[in-house]
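Each chain is listed here by its residues.
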Amino acid sequence: ERLDHVARETDDVPRLAHFYANVLCLPRLPRPPFDFDGAWFDLGRGLQLHLIQKDPLSLPRPAPPTSEPRFVRRSHHLALAVADLPAAKIALETANIPFAEFTVPGAPAVTQLFF
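These figures come from a predicted structure and were not determined experimentally.

*Asks:* Describe helix α1 (residues 13-23), and please don't skip the residues or the numbers.
*Replies:* When α1 is considered as a whole, its buried residues turn out to be Val13, Leu16, Ala17, Phe19, Tyr20 and Val23. Where α1 is buried, its residues contact β1 (5-10), β2 (28-29), β3 (38-44), β4 (47-53) and α3 (85-94). The opening residue of α1 is aspartate 12, an N-cap whose side-chain oxygen sits 3.2 Å from the backbone nitrogen of arginine 15. After α1 finishes, the residue cysteine 25 shows a positive phi value of roughly 60 degrees.

*Asks:* Got a sec to walk through the confidence of the model for the protein? Specific residues and values, please.
*Replies:* Looking at the protein, the pLDDT average stands at 87 and 86% of residues meet or exceed 70. Taken element by element, the predicted model of the protein shows its lowest mean pLDDT in helix α2 (residues 69-72) (60) and its highest in β2 (98).

*Asks:* Now, about the pattern of salt bridges: what can you tell me, with residues and values included?
*Replies:* By the definition in use, this model includes three salt bridges. Between arginine 2 and aspartate 4 there is a salt bridge whose closest N-O contact spans 3.6 Å. A relative accessible area of 35% places aspartate 4 in the partly exposed class.

*Asks:* Explain α3 to me, using residue names and the numbers behind them.
*Replies:* Capping the start of α3, aspartate 84 holds a side-chain oxygen 3.1 Å from the backbone nitrogen of alanine 87, two or three residues further along. Once α3 finishes, asparagine 96 follows within two positions and takes phi at roughly 55 degrees, a positive value.

*Asks:* Give a detailed account of the pairing of strand β5 (residues 100-104), specifying residues and quantitative values.
*Replies:* Summarising the sheet, β5 and strand β6 (residues 107-114) pair through five bridges and their orientation is antiparallel. Note on β6: the bridge partner recorded for valine 104 is alanine 107. Between β5 and the antiparallel strand that follows it, β6, lie two residues; glycine 106 among them carries a positive phi value of about 80 degrees.

What counts and how
Residues numbered from 1 in each chain as written. Predicted model: local features only at pLDDT ≥ 70, side-chain atom pairs only at ≥ 80, totals over all residues. Heavy atoms only, no water. Buried < 20%, exposed > 50% of the residue type's maximum accessible area, 1.4 Å probe, protein only. Helix = DSSP H or I, 4+ residues; strand = E, 2+ residues; numbered from the N terminus. Contact = heavy atoms within 4.5 Å. Polar contact = N/O pair within 3.5 Å; in protein donor to acceptor, adjacent residues only side chain to side chain. pLDDT = per-residue confidence, 0-100. Salt bridge = Lys/Arg side-chain N within 4 Å of Asp/Glu carboxyl O. Pairing = 2+ DSSP bridges.

Take a look at the structure:
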């Protein structure tokens, strides 16, 4: 019927939860008492973001080859639309979070921030 949620596995739930709650200002949602750490956020339109603690028994994943902006656009990512791009940039800068800015070819009204 529809996409319900996106899950992001992490080694540091508190750090990511702080980022999504305090930098991106996403509303936090109640979460069932699972036997592992996590945090849920409302992305709007019925879609949720679920942060989940990485299972210590899972196999290690290879690190991305580089974090250069050229490669970031082609790796796994979550895209969020914002109403005020300048305010989003200020929020990232205030939190000392580096980002790369790109304009979508053929769509000059679409600007992307990767962080």
